Amino acid sequence: RSCPLCQGAPWHIFLPHMFRGQIGYGYLKQAMRDVYQLMGGYSADHFIVVEKKSVGEALAGEGLHQDGREYPLHFRSAVGEGQTAGIKEKNIADVAEVCRQGRVHLPSDDFLARKTGSRQWIQEFEHDMFSYPESQTDDVVSAFVQGVLEVELRRLAWERYLEHQEPIVWGL
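A few points on the structure. (Residues numbered from 1 in each chain as written. Predicted model: local features only at pLDDT ≥ 70, side-chain atom pairs only at ≥ 80, totals over all residues. Heavy atoms only, no water.)

1. Some details on the pattern of salt bridges
Okay, step 1: According to the stated counting rule, one finds 8 salt bridges in the structure shown.
Okay, step 2: When the shortest N-O distance is used, the salt bridge between Lys29 and Glu62 registers 2.3 Å. One end of the pair, Lys29, is in helix α1 (residues 25-38); the other, Glu62, is in helix α2 (residues 55-62), and 33 residues separate them in sequence.
Okay, step 3: Judged by relative accessible area, Lys29 falls into the buried class, the value being 12%.
Okay, step 4: By relative accessible area, which is 42% here, Glu62 ends up partly exposed.
Okay, step 5: Here Glu150 makes a salt bridge to Arg154, at a shortest N to O gap of 3.3 Å. Of this pair, Glu150 and Arg154 both sit in helix α6 (residues 139-164), 4 residues apart, which is roughly one turn of the helix. For the pair formed by Glu150 and Arg154, the shared burial category is buried.
Okay, step 6: The network of salt bridges with shared partners includes Arg103, Glu152, Arg155 and Glu159. (Salt bridge = Lys/Arg side-chain N within 4 Å of Asp/Glu carboxyl O. Helix = DSSP H or I, 4+ residues; strand = E, 2+ residues; numbered from the N terminus. Buried < 20%, exposed > 50% of the residue type's maximum accessible area, 1.4 Å probe, protein only.)

Encoded structure:
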């Protein structure tokens, strides 16, 4: 059966929450655990994408552990950082195409009421997304692009595996 929203496109991306702010390293780790709790607890199928800058660099070396489990974290360089000119715009265009395909979903008001109790973050997210590139900062756009690109890398790896039974090599 095909999805009526996206004409059968696979790999839907659900954005249940986004946090924006500067917090210390110890608080960052607790905030990440809190996000996992918000989504129903530990799951190897869920992951958080972390920008590999400043605090993210330290976290990349240490990881996130609790109760004998290592929580899935995926680290990415800043969008466009260390890449040729124009790659940031290309990445944004690629992510916009995924959105046009109907594969990116924001939470409903009902979900927000049950899980977070606040719609404020989504209003700020939409404002930042729709005012880009004229907005004062692009950190929300960069974080969103990094997350979608990470899922797309995984989708492509799975498609290659399923088509050719090639081993999946993460960290492409």
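2. Points about the pairing of strand β2 (residues 48-51)
Residues in a regular strand project their side chains so that they alternate between the two faces of the sheet.
Okay, step 1: Burial along β2 is one-sided: Ile48 and Val50 are buried, and none of Val49 and Glu51, which face the opposite way, are.
Okay, step 2: Sheet topology places β2 next to strand β5 (residues 73-76); 4 bridges connect them, and they run parallel. Paired with Val50 across the strands is Phe75, a residue of β5. (Pairing = 2+ DSSP bridges.)

3. A look at the packing of aromatic side chains
The description of an aromatic ring pair rests on the distance of the ring centres and on the angle between the ring planes.
Okay, step 1: Enumeration over the complete set of coordinates arrives at 3 aromatic pairs.
Okay, step 2: A centroid spacing of 5.5 Å and a plane angle of 70° characterise the contact between Phe125 and Phe144, whose relative ring orientation is edge-to-face. Of the two residues, Phe125 sits in helix α5 (residues 120-131) while Phe144 sits in helix α6, which places them 19 residues apart along the sequence.
Okay, step 3: By relative accessible area, Phe144 is classed as buried at 8%.
Okay, step 4: Grouping aromatic residues by their ring pairs yields a cluster made of Trp121, Phe125 and Phe144. (Phe/Tyr/Trp six-rings, centres within 6.5 Å; stacked < 30°, edge-to-face > 60°.)

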